[in-house]
Structure formats: structure tokens, C-alpha cells
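Geometric and topological summary
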Amino acid sequence: MAKDFKVLQADIGSIGRPVLDIELHEHAHQIWYEATRRAFLNKSLLFIVINDKIVSAPSVNGGPITGGRLQIAGDFNMEQIQQMIDGVKKRAPKAINEN
């Protein structure tokens, strides 16, 4: 949910492609952990949906993700990353900081 995002930031990832860095509010850390735990145990994909569109569907290979930080990478340009940020901010403008 949009209110779960604390920070959304466009960045350049390790392979030189645009990425969306996300930090979750503390109350969402456990939700994210449980979602990634289930995906890992079931060997299923984890669908990441922003603005009613699936933007990424990664598998979780290394175990559940803790700490409330994640990165969405794919075949995106900076304009598409910014559109994702803008769409999330529309849903919860006071809950999100953009760095």
C-alpha cells in the first residue's frame, strides 16, 4: 500500500540502469518479510504492483528480505521510474519522502 512507503528514490543501479529504491515505514517491515518468506518457501514469484500495473515479478532466491529496503530494477528509463514515484505519491502524498 502507498502508505507503507517511506522513501521512493530514482537511482542508477549497479549495472548502470535506472532503478527505484524504496524504504518502507517500520510498520511495513514485517509485511514485506512475510511476503518474501512465502514467495521463498513456495518458490513463487513476488508481484510488485504500482499504479495497478505489475512492474516487477522477481523470485526470492536468497530467503526472506528483512530491513524494509528494496530496489525495483528492470527495463525502465528514468521517466518510467519517475512515473512510478508520482503514481505512488498521488495515493499517499503525506506519507512519502522523495530524495
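Report follows, based on the coordinates.

1. Here's the deal with the overall build of the protein chain
Scanning the protein chain for helices and strands turns up two helices and six strands. Across the protein chain, helices and strands are ordered from the amino to the carboxyl terminus as β-β-α-β-β-β-α-β. Burial statistics for the protein chain: of 99 residues in total, 36% are counted as buried. Pairs at least 24 residues apart make up 53% of the contacts formed inside the protein chain by residues separated by at least 6 positions. Carbon and sulfur atoms form 51% of the exposed surface of the protein chain, whose accessible area is close to 6,300 Å².

2. A closer look at the nonpolar core
Soluble globular proteins: nonpolar side chains tend toward being buried together. Counting residues in each nonpolar core, the largest one holds 21 residues, and the members touching the most others are Leu20, Ile22 and Ile72. With sequence-adjacent residues up to four places away left out, Leu20 is seen in contact with Leu8, Gln9, Ile50, Leu70, Gln71, Ile72, Ile81, Met84 and Ile85.

3. Some details on the environment of Arg38
By the element assignment, Arg38 lies in helix H1 (residues 26–42). A relative accessible area of 45% places Arg38 in the partly exposed class. For Arg38 and Val60, which are 22 residues apart along the polypeptide, the C-alpha to C-alpha distance reads 9.2 Å.

4. Details of the pattern of salt bridges
Counted according to the given criterion, the structure contains four salt bridges. Asp75 serves as the salt-bridge partner of Arg17, at 2.8 Å between the closest nitrogen and oxygen. Taken as a pair, Arg17 in the loop between strand S1 (5–12) and strand S2 (18–24) and Asp75 in the loop between strand S5 (69–73) and helix H2 (78–91) lie far apart in primary sequence, 58 residues in all. Residue classification places Asp75 among the exposed positions, given a relative accessible area of 67%. Among the salt bridges present, the one from Glu34 reaches Arg37, with a minimum N-O distance of 3.1 Å. In this pair, Glu34 and Arg37 are both assigned in helix H1, three residues apart and thus about one turn of the helix distant.

Cut-offs and rules
Residues numbered from 1 in each chain as written. Predicted model: local features only at pLDDT ≥ 70, side-chain atom pairs only at ≥ 80, totals over all residues. Heavy atoms only, no water. Helix = DSSP H or I, 4+ residues; strand = E, 2+ residues; numbered from the N terminus. Buried < 20%, exposed > 50% of the residue type's maximum accessible area, 1.4 Å probe, protein only. Contact = heavy atoms within 4.5 Å. Areas by Shrake-Rupley, 256 points an atom, 1.4 Å probe, with all protein chains shown as cover. Core = buried A, V, L, I, M, F, W, Y, C linked by side-chain atoms within 4.5 Å. Salt bridge = Lys/Arg side-chain N within 4 Å of Asp/Glu carboxyl O.

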